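Structure at a glance
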Amino acid sequence: MRKRPVSVAISCWFLVLASLVSLPSAWLGRNDPAMLAWMAHGPIPVAVQLAILFGNLGITLLTAVAMLQGYRGARTVYVVWSVIDTAVALATVPDRMGVLPGIFLFVVICAFLYSPKSNAWFSPRKAANDG
């Protein structure tokens, strides 16, 4: 069995823990008048924003777990979904400066997930008897 690079382990476990910690906050926030009022200022309906929020947490959690198991496609799904989510946030959030820390974190995680050691780990290998 190949050894998982530390950069992949740290990145993926961070994503797992961040998703799990954010879930209760998002769940409770769906009934918070202050949060709902803030969300109402955006061009997207609140219900759609909540669906995107929970979808983002779910996709992030599932892709992080799959990446920990070595699924190469999970890395691509994580990156594509994060780019789409960031683009939607930049287009709709009233305070775009609040998106910058997430963009920075995303770039750092991508640097870890696409480092040479990570690329080698995610690349499929043929066994000698595979032909």
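Now for a quick tour of the structure. Everything numeric here is computed off the predicted structure, so don't read it as measured data.

Some details on the side chain of Ser 19
The residue Ser 19 is located in helix H1 (residues 6-29) in this model. Residue classification places Ser 19 among the buried positions, given a relative accessible area of 6%. Engagement of the side chain of Ser 19 in a polar contact is seen with the backbone oxygen of Leu 15, the distance being 2.9 Å. When residues no more than four places from it in sequence are discounted, the contact partners of Ser 19 are Leu 57, Thr 60 and Leu 61.

Observations concerning the layout of surface pockets
Volume-wise, the largest pocket comes out at about 1,200 Å³. Surrounding the largest pocket, 38 residues form its lining, Leu 53, Asn 56, Asp 85, Ala 89 and Gly 102 being those nearest its centre. Among the secondary structure elements, those contributing two or more residues to the lining of the largest pocket are H1, helix H2 (33-40), helix H3 (46-68), helix H4 (72-92) and helix H5 (100-113). Here the lining of the largest pocket gets 8 residues from one element, more than from any other, and that element is H4.

Side note on the side chain of Gln 49
One can find Gln 49 in helix H3. Judged by relative accessible area, Gln 49 falls into the buried class, the value being 19%. In this structure Gln 49 touches Met 39, Gly 42 and Ile 44, once residues within four positions along its chain are discounted.

Digging into H5
Given a rise of 1.5 Å per residue, 14 residues ought to cover 20 Å, and the 20 Å separating the end C-alpha atoms of H5 matches this to within 8%. When we look at burial in H5, the residues that qualify are Phe 106, Ile 109, Cys 110 and Leu 113. For H5, the angular spread of the buried residues around the axis is 100°, confining them to a single face. Among the exposed residues of H5, those oriented more than 90 degrees off its buried face are Pro 101 and Phe 104.

Observations regarding the packing of H3 against H4
Where H3 contacts H4, the axes come no closer than 9 Å and their chain directions differ by 155°. Put simply, H3 runs roughly antiparallel to H4. Where H3 crosses over H4, the two elements pack in a sense that is left-handed. On H4, the residues that touch Ile 52, Asn 56, Ile 59, Thr 60, Thr 63, Ala 66 and Met 67 of H3 are Ala 74, Arg 75, Val 77, Tyr 78, Trp 81, Asp 85 and Val 88. In the contact of H3 with H4, the residues fall into 9 nonpolar, 3 polar and 2 charged.

Considering the packing of aromatic side chains
On inspection of all chains with the given rule, the structure shows 3 aromatic pairs. With 5.9 Å between their ring centres and 50° between their planes, Tyr 78 and Phe 106 make a pair best called tilted. With Tyr 78 in helix H4 and Phe 106 in helix H5, the pair connects residues that are 28 residues apart, well separated along the chain. The pair formed by Tyr 78 and Phe 106 is uniform in burial state, with each residue classed as buried. Here Trp 121 and Phe 122 contribute two aromatic rings whose centre-to-centre distance is 5.0 Å and whose plane-to-plane angle is 70°, an arrangement assigned as edge-to-face. No difference in accessibility class separates Trp 121 from Phe 122, as the two residues are buried. Across the ring face of Trp 27, the terminal group of Arg 30 is positioned such that the distance to the ring centre comes to 3.6 Å. Above the face of the Tyr 114 ring, Arg 75 is positioned so that its terminal group lies 4.1 Å from the ring centre.

Calculation notes
- Residues numbered from 1 in each chain as written.
- Predicted model: local features only at pLDDT ≥ 70, side-chain atom pairs only at ≥ 80, totals over all residues.
- Heavy atoms only, no water.
- Helix = DSSP H or I, 4+ residues; strand = E, 2+ residues; numbered from the N terminus.
- Buried < 20%, exposed > 50% of the residue type's maximum accessible area, 1.4 Å probe, protein only.
- Polar contact = N/O pair within 3.5 Å; in protein donor to acceptor, adjacent residues only side chain to side chain.
- Contact = heavy atoms within 4.5 Å.
- 1 Å grid on protein atoms, 1.4 Å probe; cavity = no way out; pocket = protein on both sides within 12 Å on 5 of 7 lines; lining within 4 Å.
- Points joined across faces, edges and corners; volume = space filled by probe spheres on them.
- Expected span 1.5 Å × (residues − 1).
- Arc of directions from axis to C-beta.
- Axes fitted to C-alpha atoms, helices over the stretch in contact; angles between N-to-C directions.
- Parallel < 35°, antiparallel > 145°, perpendicular 65-115°, else oblique.
- Left-handed = near helix turned anticlockwise from the far one by under 90°.
- Nonpolar A, V, L, I, M, F, W, Y, C, P; charged D, E, K, R; others polar.
- Phe/Tyr/Trp six-rings, centres within 6.5 Å; stacked < 30°, edge-to-face > 60°.
- Lys NZ or Arg CZ within 6 Å of the ring centre and 35° of its normal.

Keep in mind these numbers describe shape, not what the thing actually does.
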